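# Structural characterization, general
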Amino acid sequence: MPSNNPVSYARRLGLFSGTMAVVGGIIGSGIFINPSIVAQRVGTANLTISVWVLGGVIALIGAFCFGELGQRRPNAGGGYVYLREAFGPLPAFLYAWALLLVIGTGAIAAVAVTFANYALALFGLPESLRTPLAFGSVILLSAVNYVGVKPGAVTQNIFTVFKLAALFGLIAVGLLWSLPAPVNATPVSGPPGAFALVLAVGAALVPVLFSYGGWQQTNFIAEEIIDPRRTLPRALILGVSLVAAVYVLANLAYLRTLGPAGLAASPAPAADSMRAVLGPIGATFIAAGITASTFGFLNLVILVSPRVYQTMAADGLFFPAFARLNPTFRTPTTAIVVQGVWALLLIRLGTYGQLLDYVVFADWIFFGLTVATLFVYRAREAGGTTEASPPGSFLVPGYPVTPVLFVLAAIYVVLGSVASNPGNAIRGTIILVSGVPVFAFWRWRSQRDAARAH
């Protein structure tokens, strides 16, 4: 049955911490490594930058949408709450189920191993320490977030500042200190014809939008943000705007240093750009930046995801222990511990990469569905069935066009992911569908307990 929990979350996070959570939730290791994929798919410098700008615009529209959702329902759990209220408990449960089973915990496992790989290379440690270091990072950050949202947020702020410093250093070196890359004897050309251009831009937009994803995680901790109806929309818009600017400038730096052909051919454009200008010192600097960036992203996922599991359990749809907040730390400690243990198991088994590949499309299914809840909230408000937003509340500019554009972008990403690897999509769908009988069990148990209570 739903938990009658007298302990509430503590509102301790201001605008700066909220903004750093948005930035930290978006920037991982992708911007340091993946822009070569975009350059490969579009070919020219102008198209490369245009796709990153377009991705930033779509991400900003998403931030607008989640800003309005956050001011309407400033509750822990974010997207879970919006899906539950708009479309019912099943899609909300499947979202939380996928997050716990694969999306959140798989990301923790994958990023912990990525962090360990870069840390080993940075400090010259033996590869035998990879798994122990990955384990240690998950355990350490789970412990930090166990004892309160404030220590977790302070950790997040520090490492987000580190990753931004690394990117600003990369941008400064690439745009201000480097000489333009020499013209390649066989330059990469853009796609011929209008139709080919549309296909190429669309293909390049998929990794770009995945690189921009992650701002929605800040809505998970809405109940721990001070004055969330005002602070959360501001943090989302500021954070996404900052990331978009940094991403575009970073790609300008890559293009200036390596050229379009060099960027398309580089498996590690950040390291290659810094090495081209500063030599080994530059490569070491960017390796330190990526290490800090992955550690900060790991902390963010560990910090915010348990709030979704706690909300799901508070609805009577999961183990009651998950619903309880620690009376001293005011954090969902059981959810944090179980999440950490499951992530450690995924690291040990080495299956996290495959599992993430299976459900990566599901993330954008839930992205699109969550933004679509805005139409339900607005319709109910117009029909007088729900209370209208107070005067001065943040509302999505350009409604309904802007959320429609975002939903269409989400559909495109999902279709692109399915088309590129239908086998993974089938396996991911099986993982999602496996949550249906689990939901049915907990729903039946909750209703049975409620009937007994009466």
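As shown above, the structure is provided for reference.
Below: a short report on this structure. These numbers come from a predicted model, not from an experiment.

Turning to the overall build of the chain, a few remarks are in order. Secondary structure summary: the chain contains 18 helices and 0 strands in total. For the chain, whose C-alpha radius of gyration is 22 Å, the value lies close to the compact-globule estimate of 22 Å for 454 residues. Along the longest, intermediate and shortest principal axes, the C-alpha atoms of the chain span 80 × 50 × 45 Å. Considering the chain as a whole, with its 454 residues, one finds that 54% of them fall into the buried category. Contacts in the chain between residues at least 24 apart in sequence constitute 83% of all its contacts with a sequence separation of at least 6.

Bringing the pattern of salt bridges into the picture now. Scanning the entire structure with this criterion turns up 11 salt bridges. A salt bridge links Arg84 to Asp315; the shortest N-O distance between them is 2.7 Å. Taken together, the residues Arg84 in helix 5 (residues 79-87) and Asp315 in the loop between helix 12 (280-314) and helix 13 (320-323) connect sequence positions 231 residues apart. Overall, the relative accessible area of 24% leaves Arg84 in the partly exposed class. Arg448 is the salt-bridge partner of Asp449, the closest N and O atoms lying 3.0 Å from each other. Of the residues examined, Arg448 reaches a relative accessible area of 28% and is grouped as partly exposed.

For the rest of this paragraph, the subject is helix 9 (residues 194-212). With 19 residues, helix 9 extends 26 Å from end C-alpha to end C-alpha; this agrees with the ideal 27 Å at 1.5 Å per step. Most pronounced at Leu205, the bend in helix 9 amounts to some 30°, and the proline Pro207 follows within four residues. Every buried residue of helix 9 is accounted for by Ala200, Val201, Gly202, Ala204, Leu205, Val206, Pro207, Val208, Leu209, Ser211 and Tyr212. The secondary structure elements touched by the buried residues of helix 9 are helix 1 (15-26), helix 3 (35-42), helix 4 (45-72), helix 10 (228-265), helix 15 (352-382) and helix 16 (401-420).

The next subject is the nonpolar core. In a soluble, globular protein the nonpolar side chains are often hidden away together inside. Of all hydrophobic cores here, the largest spans 133 residues; its most connected members are Tyr80, Tyr212 and Trp215. Per-element tally for this core: the top contributor is helix 6 (residues 89-123), with 20 residues. Apart from residues lying up to four places away in sequence, Tyr80 is in contact with Ala92, Phe93, Tyr95, Ala96, Val308, Thr311, Met312, Asp315 and Leu317.

Here we take up the packing of helix 3 against helix 9. Direction vectors running N to C along helix 3 and helix 9 enclose 175°, while the axes themselves pass 8 Å from each other. Comparing the axis directions of helix 3 and helix 9 gives the class roughly antiparallel. Mapping the contact onto sequence places Ile37, Val38, Arg41 and Val42 in helix 3 and Ala200, Val201, Ala203, Ala204, Pro207 and Val208 in helix 9. Here the contact of helix 3 with helix 9 is composed, by residue class, of 9 nonpolar, no polar and 1 charged.

Scoring rules and cut-offs
- Residues numbered from 1 in each chain as written.
- Predicted model: local features only at pLDDT ≥ 70, side-chain atom pairs only at ≥ 80, totals over all residues.
- Heavy atoms only, no water.
- Helix = DSSP H or I, 4+ residues; strand = E, 2+ residues; numbered from the N terminus.
- Rg over C-alpha atoms; globule rule 2.2 N^0.38 Å.
- Buried < 20%, exposed > 50% of the residue type's maximum accessible area, 1.4 Å probe, protein only.
- Contact = heavy atoms within 4.5 Å.
- Salt bridge = Lys/Arg side-chain N within 4 Å of Asp/Glu carboxyl O.
- Expected span 1.5 Å × (residues − 1).
- Bend = angle between axes of the 7 residues up to and from the residue.
- Core = buried A, V, L, I, M, F, W, Y, C linked by side-chain atoms within 4.5 Å.
- Axes fitted to C-alpha atoms, helices over the stretch in contact; angles between N-to-C directions.
- Parallel < 35°, antiparallel > 145°, perpendicular 65-115°, else oblique.
- Nonpolar A, V, L, I, M, F, W, Y, C, P; charged D, E, K, R; others polar.

Interpretation in functional terms is not warranted from these geometric data alone.
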